[in-house]
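Chain residues, written in single-letter form:
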Amino acid sequence: MPKFIVVVEDDESIREMLRYYFQSVGYEVHAYESGEALFEAEDWNPCPSLCILDIMLPGIDGMEILRRLRAGKETEKLPVIMLTARSAEIDRVTGLEGGADDYVVKPFGIMELQARVKAVLRRTQQEDGQTIVCGDLRIDPAAREVTRSGEKVDLTYKEFELLRLLASHRGVAFSRDDILQTVWGYDYTGETRTVDMHVKALRQKLGDDIISTVRGVGYKMN
């Protein structure tokens, strides 16, 4: 069965280009021009492997669509790549803080987008069944669940991958560039703030004692 991708893009030329290209390389694609059309057509059974989502949409915008996806039981862990014509850092940060797993600024190259899609899908399929235990923190990669002191903690896709990386190498200091290359899976040069933002989110959800800053290097799991 081919991997199933959802595309939400109001620009018909971009939407059809994405549909045609990803179908030509073996993906099943459902493409929609609006959030309203998406939610009317999809019952999320089966859940897509990934969603490519434009931010600037008529009606329900991309951020609201993302919020609804993250609030849905079937779609809370759905990897989302956001498309945006905006290049300001605040717009990228807003999307990532809202639960997006990646973003691509328009105009973009189709090969770059495919590489990012493949990287996200590859990481989604890498399910290691061995539970990682760090004190009262338990990470179950197969179920993609995290608990601390028995309480479940909800993480975004990237937060989970970052936590799993650090926990799998407890005590080892990773540079921001190493984290970007491993968790994001491609050259993300100059975007080290992305790592800082995700570490901040993990500390807010798990406590400040989980991850330490190693001055001049990056981060490590305590």
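Just so we're clear, the structure is a prediction, and the values are computed from it rather than from any experiment.

Some thoughts on the state of the cysteines
Consideration 1: For the coordinates displayed, the defined rule picks out zero disulfides.
Consideration 2: Its sulfur unpaired, C47 is 9.5 Å from the next cysteine sulfur, which belongs to C51.

Things to note about the pattern of salt bridges
Consideration 1: Applying the stated rule across the entire model yields 14 salt bridges.
Consideration 2: Between E112 and R116 there is a salt bridge, with its nearest N and O atoms 2.5 Å apart. Here R116 and E112 lie together in helix α5 (residues 110-125), a separation of four residues that amounts to about one turn.
Consideration 3: By relative accessible area, E112 is classed as partly exposed at 36%.
Consideration 4: R164 is the salt-bridge partner of E161, the closest N and O atoms lying 3.1 Å from each other. Here the residue E161 and the residue R164 both occupy positions in helix α6 (residues 157-168), the gap between them amounting to three residues, near one helical turn. A single burial state applies to E161 and to R164, both of which are buried.
Consideration 5: Counted as one network, the salt bridges with shared partners bring together E9, D54 and K106.

Details of the nonpolar core
Consideration 1: Core analysis: the largest hydrophobic core is formed by 26 residues, its most contacted members being L137, I139, V146, L163, I179, L206 and M221.
Consideration 2: Only β6 (132-134), β7 (137-140), α6, α7 (176-184), α8 (193-206) and β12 (218-221) provide two or more residues apiece to this core.
Consideration 3: Here the element with the most residues in this core is α6; it accounts for six residues.
Consideration 4: The contacts of L137, once residues within four sequence positions are left out, are I132, V146, T147, R148, L163, L206, I210 and M221.
Consideration 5: Core analysis: the next-biggest nonpolar cluster, separate from the first, contains 20 residues, A37, L38, V80 and A100 among them.

Reading the values: rules and limits
Residues numbered from 1 in each chain as written. Predicted model: local features only at pLDDT ≥ 70, side-chain atom pairs only at ≥ 80, totals over all residues. Heavy atoms only, no water. Disulfide = S-S within 2.5 Å. Salt bridge = Lys/Arg side-chain N within 4 Å of Asp/Glu carboxyl O. Helix = DSSP H or I, 4+ residues; strand = E, 2+ residues; numbered from the N terminus. Buried < 20%, exposed > 50% of the residue type's maximum accessible area, 1.4 Å probe, protein only. Core = buried A, V, L, I, M, F, W, Y, C linked by side-chain atoms within 4.5 Å. Contact = heavy atoms within 4.5 Å.

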